[in-house]
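Structure at a glance
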Amino acid sequence: MLKIDSRQFIQDYGLYACIQCGKCTGGCPMAIKTRLNPRMLIYRLLIAGNGFDLEGREELWDCTTCSTCYSRCPKLVNPMEAVVALRSAIVENGRIHPNVKTALESTFRHGNPLTMPREERADWAKDLQVKSFAAGGAAEGAEYLYFVGCTPSYDPRVQKVSRALVSLFQHNGIDFGILGVEESCCGSEVRRLGEAGLFEMISEENGELFKSVGAEHIITTSPHCFNTFKNDYPKNGVQVQHYTQVLAEQPLSYSGKFDKTVTYHDPCYLGKHNHVFDEPRAVLKAIPGVKLVEMDRSREKSLCCEGGGGRMWLEGTNPGTRLAQMRVQEALETGAEVLATACPFCLLTLEEAVKHLNAEDRLRVMDIAEIAVEAM
Amino acid sequence: MIEYASNGHKPAALVIGGGIAGIQAALDIAEAGFKVYLVERSPSIGGRMSQLDKTFPTLDCSSCILTPRMVDVSRHPNIDLLTYSEVAEVSGQAGDFRVRIRKKPRYVDEDKCRGCGLCAQACRLSGRVSGDPGVDFNAGIARRAAIFVPFPQAVPLVYTVDPQACIYLTRGVCGKTFLCKDACDAQAIDFSQTEQYLDVQVGTIVVATGFDIFDAHRRPEMGYGVYPQVITTLEFERLASASGPTAGKIILDGKMPKQIVFIHCVGSRDRALGRWDGEGSNPYCSRVCCMAVAKQAHLAHDRIPGAQITVFYMDVRAFGKGFEEFYDRVRNEGILYRRGNPSEVIRHGDKLLVRAEDTLLGELVEVEADLVVLAVGMQPRRDASGVAEMLHLERSEDGFFLEDHPKLRPVESNVPGVYLAGCCQGPKDIPDTVAHAKAAASAAMILLAGNGQRLFANQEKSSLLA
């Protein structure tokens, strides 16, 4: 038994507003292949009387937090946030999946969920002459704080994106610095894995760090960091932008070309969560040679890659075909040579799917920043 | 007695809007012996009802029951019909409103035009102009010329030059000679026409300005504007109508659809609209869509042999006289009602997939379709705020004009002497609209008949209009 006070929960998450129309489940990318059914979950909460038993509700870990459910709901109910809160109730009771436990502990100890040492966080930038906001660094007074994020700092594949972004910023004369080894996880995935307490701690510490270095304007690599700073952190007057927004505002000048057909995969945390659909496309269209083609499911209808909501660490109730594989199929159908995205998780899941489908000779997965650098 | 009436003026009413509500109110007031100025901003009266094929639940032909009323309006000795005109200014108070009406130039002499249509055949843009889907009689699915009558039964049956489309009016020159003018034997076309103003005095005003159709682009996941096979219920009416561009054949891109899905509540009961586009939400039920869909499903069943027809719904609101019986009839015809409101429409080869949870099964289903009809809701007119400002009308939270009391004063507005008729006050079907309009007419006539002093003892309130 793992009971929660469902009446209070229903109040807190506004679930009485639900009219059981099923739009959440009808659009849920996981409902079709797992036990997750957001509409029915809400109904079970509503009829639970005084207590709702979370025991055995494995499907709660299926949610990718893509926010399709919330974007479709006509009554402003947010099933995704309810799922995250139910996860928190499970975590609070100490029932944590071993994989998740490792990620959370690592975030607590090393400031990243990847079990990597903090001292190596800025190694990717060693040879790049990037100013640092860290103690003794030269970035004091820089206009922008480039918040790199965990995966772009440590993952060898995604490091290429952070390095590309540094070139683009330098090329464009953007005055920026990084936090170096003092940068810590934004906490987005921690929050979505249900560790509300740890998230609160992280957000406070980061808030203080941003304040202490005088950061007024943050640029992120990842839509996940962008979203959590913008929507989950207490309001602190710091302006946060995803890098595609900055590049759309301050267009790059290109001397080369990228002569390829490109399709763009909308990351959920940029698109469905924050309605940033046009800027990444504007950046792509401005690159000489790029021929942009759209997948049928784009923008508001974009299919989640299944990398969010802690799904990088979890298998859930159906370890079958990952959404990223369906997504790569859709990209292949457009005839595109390059599948572009603007999110570290999407980049990794989609690239993995391309390998799985033996499509490496037909489709290359790239971050928009990498494409821009190739054309520079 | 109303003061100006005793000064020798004939008591008169202004009716704003020439849809079924305005037509009904105007006819009732005129029949009682009062003068009526009926102002309609589009080229013809008739409104939304003229666009419909059949009406639920009786399946009467909409234009067959409406057209005689339109003709009655045009022939009534007590009605001054001012089409292609707008109310520009209103001042005064109950019993003595001063109204300035702007007559827009049609560039066609109403007295000379015989409605023959030779001008439209001759127009360089003949068959090339598609009107604004929210205003156009054929909901944007058919093409016309830059000089047009909205539909063959238009009242008045007089051509109008579309100033947005006409080559001469937009570019200052149209070839060497005006093809339309050359074609017109009646010499009715007159590009020298300008705006004209008419000042009238009336004792009372009936507002019957109607509603706008929800713009389905605002729910992009439904694929409206992306897939040609996704249409609105209004467009379906034009496809099904004998006077429509396909002469009543339900054909899309030359083909008769065989798998048809109807989707309820698009742009109604939706509080989340406007989260990103900054426009309002539509939290209310539009009250007509359930039955409109039932009727259209019946029409599709009737005209497309062997069609598979699925209606996705959250609730079926069949509350009017004969409505539940009609819903029974439609289901018995083999139309499948599935509970669950679709979340999205995606491409599937040449066809579409409607993705929904069948909430009775608790399963996500994908239903193949070659026609998807979105039951779009009603919303306040885009320019309702301008009308409200001009007349000092209050609006309810949903944006429709506010009645003075929700139970006891359903047609009175907050301004004495100004009454509300039809969907400008909130969504209504045709029977309710007619009933509301008749009530507004009766309220207006009480004032005109001379009880003004008793009704408007509260002078403070009645001097709201400066």
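Everything quoted here is computed from the prediction, not taken from an experiment.

Cut-off values and rules
- Residues numbered from 1 in each chain as written.
- Chains lettered and ligands numbered in written order.
- Predicted model: local features only at pLDDT ≥ 70, side-chain atom pairs only at ≥ 80, totals over all residues.
- Heavy atoms only, no water.
- Helix = DSSP H or I, 4+ residues; strand = E, 2+ residues; numbered from the N terminus.
- Rg over C-alpha atoms; globule rule 2.2 N^0.38 Å.
- Contact = heavy atoms within 4.5 Å.
- Areas by Shrake-Rupley, 256 points an atom, 1.4 Å probe, with all protein chains shown as cover.
- Lys, Arg positive; Asp, Glu negative; His and termini not counted.
- Charge placed at Lys NZ, Arg CZ, Asp CG, Glu CD.
- Phe/Tyr/Trp six-rings, centres within 6.5 Å; stacked < 30°, edge-to-face > 60°.
- Buried < 20%, exposed > 50% of the residue type's maximum accessible area, 1.4 Å probe, protein only.
- Polar contact = N/O pair within 3.5 Å; in protein donor to acceptor, adjacent residues only side chain to side chain.
- Buried area = accessible area lost by both parts, 1.4 Å probe.
- Salt bridge = Lys/Arg side-chain N within 4 Å of Asp/Glu carboxyl O.
- Pairing = 2+ DSSP bridges.
- Axes fitted to C-alpha atoms, helices over the stretch in contact; angles between N-to-C directions.
- 1 Å grid on protein atoms, 1.4 Å probe; cavity = no way out; pocket = protein on both sides within 12 Å on 5 of 7 lines; lining within 4 Å.
- Points joined across faces, edges and corners; volume = space filled by probe spheres on them.
- Nonpolar A, V, L, I, M, F, W, Y, C, P; charged D, E, K, R; others polar.
- Parallel < 35°, antiparallel > 145°, perpendicular 65-115°, else oblique.
- Left-handed = near helix turned anticlockwise from the far one by under 90°.
- Disulfide = S-S within 2.5 Å.
- Patch = residues over 30% accessible without salt bridge, like charges linked within 9 Å, V, L, I, M, F, W, Y side chains within 5 Å.

This brings us to the overall build of chain B. Looking only at helices and strands, chain B features 12 helices and 22 strands. Taken against the 2.2 N^0.38 rule, which gives 23 Å for 466 residues, the C-alpha radius of gyration of chain B at 23 Å falls within 12% of a compact globule. Its C-alpha atoms give chain B principal-axis dimensions of about 70 × 60 × 40 Å. Residue pairs in contact within chain B that sit at least 24 positions apart in sequence constitute 67% of those at least 6 positions apart. Of the accessible surface of chain B, which amounts to about 19,700 Å², a share of 48% is contributed by carbon and sulfur atoms. When the 52 positive and 56 negative side-chain charges of chain B are each reduced to one mean point, those points stand 3 Å apart.

What describes a pair of aromatic rings is the distance from one ring centre to the other and the angle between the planes of the rings. Summed over all chains, the structure comprises 21 aromatic pairs over all chains. For the ring pair Phe147 of chain A and Phe229 of chain A, a centre distance of 4.8 Å and an interplane angle of 90 degrees mean the geometry is edge-to-face. One end of the pair, Phe147 of chain A, is in strand E3 (residues 144–147); the other, Phe229 of chain A, is in helix H11 (residues 223–232), with 82 residues separating them in the sequence. Both residues of the pair, Phe147 of chain A and Phe229 of chain A, belong to the buried class. Ring centres of Tyr284 of chain B and Phe400 of chain B lie 5.3 Å apart, and the angle between their planes is 70 degrees; on these two criteria the pair is classed as edge-to-face. Here the residue Tyr284 of chain B occupies a position in the loop between strand E14 (259–266) and helix H8 (289–303), and Phe400 of chain B occupies one in the loop between helix H10 (384–391) and strand E22 (418–420), the gap between them amounting to 116 residues. In this structure, Tyr284 of chain B and Phe400 of chain B share a single accessibility class: buried. Grouping aromatic residues by their ring pairs yields a cluster made of Phe147, Phe199, Phe210, Phe229 and Tyr233 of chain A.

Here Ser343 of chain B lies in the loop between strand E16 (336–339) and strand E17 (344–348). Judged by its relative accessible area of 0%, Ser343 of chain B is buried. A polar atom in the side chain of Ser343 of chain B sits 3.2 Å from the backbone nitrogen of Gly27 of chain A. Every residue in contact with Ser343 of chain B, bar those within four places of it in the chain, is listed here: Lys23, Gly26, Gly27 and Arg72 of chain A together with Glu221, Met222, Arg355 and Ala356 of chain B.

Within the secondary structure, Val261 of chain B sits in strand E14. A C-alpha to C-alpha distance of 8.1 Å links Val261 of chain B and Val367 of chain B, two positions 106 residues apart in sequence.

Taken together, the 29 residues of chain A in the interface contact 29 residues of chain B. A buried area of about 2,500 Å², summed over both sides, lies between chain A and chain B, and 50% of it is on carbon and sulfur atoms. Along the contact surface separating chain A from chain B lie four salt bridges. Across the pair Arg39 of chain A and Glu357 of chain B runs a salt bridge whose closest N-O atoms are separated by 2.5 Å. Where chain A meets chain B, there are 18 residue pairs in polar contact (both at pLDDT 80 or more).

With that settled, the discussion passes to the sheet that holds strand E6 (residues 85–93) of chain B. All names here are of chain B. Across the sheet, which stays open at both edges, the three strands sit in the order E6-E7-E10 with antiparallel pairing between neighbours. If you trace the sheet from one side to the other, it starts and ends with E6 and strand E10 (196–202), each paired once. Shown here is a sheet whose adjacent strand axes are inclined to one another by a mean of 20 degrees, direction ignored. Both strand E7 (residues 96–103) and E10 contribute to a ladder of seven bridges, which runs antiparallel. Opposite Arg102, over in E10, you have Tyr197 as the bridge partner.

With that settled, the discussion passes to empty space enclosed by the protein. Taken as a whole and judged by the stated rule, the model has nine cavities of 30 Å³ or more. In this structure, the largest cavity spans a volume of roughly 160 Å³. For the lining of the largest cavity, the elements supplying multiple residues, two or more each, are helix H7 (150–154), helix H9 (188–192), H11 and helix H15 (344–356) of chain A. Among the elements that make up the lining of the largest cavity, the one with the highest residue count is H7 of chain A (three residues). For the lining of the largest cavity, the per-class residue count stands at 10 nonpolar, five polar and one charged. Forming the walls of the second largest cavity are 13 residues, and the residues nearest its centre are Cys123, Ala146, Cys166, Cys174 and Cys180 of chain B.

Moving on, we get to the sheet that holds strand E13 (residues 230–232) of chain B. Consider a sheet: its strands pair through backbone hydrogen bonds, and that pairing is either parallel or antiparallel. Residue and element names in this part refer to chain B. Across the sheet, five strands lie side by side as E13-E20-E14-E15-E16; this open sheet has parallel pairing. What marks the edges here is a single partner per strand, and that holds for E13 and E16. Mean inter-strand twist for the sheet, computed between neighbouring axes without regard to direction, equals 25 degrees. Bridge count between E14 and strand E15 (residues 308–313): five bridges; the pairing is parallel. Bridge pairing in E15 links Val261 to Thr310. Along the sheet face, H8 touches E14, E15, E16 and strand E20 (371–376) and points at about 170 degrees away from the line of E14.

The axes of two packed helices give the description: the angle between them and the distance between them. Residue and element names in this part refer to chain A. Where helix H8 (residues 156–171) meets H15, the axes come as close as 10 Å, and the angle between the chain directions of the two elements is 135 degrees. Classed by the angle they form, the pair H8 and H15 counts as oblique. In this structure, the crossing between H8 and H15 has a hand that is right-handed. Contacts between H8 and H15 involve Arg157, Val158 and Val161 on the former and, on the latter, Pro344, Leu347, Leu348 and Glu351. Tallied by class, residues from the contact of H8 with H15 come to five nonpolar, no polar and two charged.

Before going further, it helps to spend a moment on the pattern of salt bridges. Scanning all chains against the criterion turns up 55 salt bridges over all chains. The closest approach of N and O atoms between Glu351 of chain A and Arg157 of chain A, which form a salt bridge, is 2.9 Å. Here Glu351 of chain A, found in helix H15, pairs with Arg157 of chain A, found in helix H8; they are 194 residues apart in sequence, far enough to count as distant. Arg157 of chain A gets classed as buried once you look at its relative accessible area, which sits at 14%. Taking the shortest distance from any N to any O, the salt bridge between Glu374 of chain A and Arg364 of chain A comes out at 2.7 Å. Note that Glu374 of chain A is positioned in helix H16 (residues 368–374) and Arg364 of chain A in strand E10 (residues 364–367), a separation of 10 residues in sequence. If you follow the salt bridges from partner to partner, you end up with Arg72 of chain A together with Arg219, Glu221, Asp270, Glu344, Arg355 and Glu366 of chain B in one network.

Below, the discussion takes up the state of the cysteines. Residue and element names in this part refer to chain B. Under the criterion given, the structure shown has one disulfide over all chains. Covalently, Cys61 is tied to Cys64 through a disulfide, its sulfur atoms 2.3 Å apart. The chirality of the disulfide connecting Cys61 with Cys64 is right-handed, given an S-S dihedral of about 75 degrees. In this structure Cys61 comes out as partly exposed when scored by relative accessible area, which is 24%. You can see Cys265 has no disulfide; the closest cysteine sulfur is in Cys290, sitting 5.9 Å from it. For Cys265, a relative accessible area of 13% puts it in the buried group.

Looking now at unusual backbone geometry. The amide bond that connects Phe56 of chain B to the next residue, Pro57 of chain B, takes the cis arrangement and shows omega of -10 degrees. Mapped onto the secondary structure, Pro57 of chain B falls in the loop between strand E3 (54–55) and strand E4 (60–61). Not every positive phi belongs to a glycine, and Ser67 of chain A is a case in point at roughly 80 degrees. Relative to the helices and strands, Ser67 of chain A resides in the loop between strand E2 (51–53) and helix H4 (68–72).

Time to look at a negative patch on the surface. Together, Glu200, Glu204, Glu205 and Glu208 of chain A line one region of the surface with negative charge. Along the chain, Glu200 of chain A falls in helix H10 (residues 196–212).

Keep in mind these values describe shape, not function.
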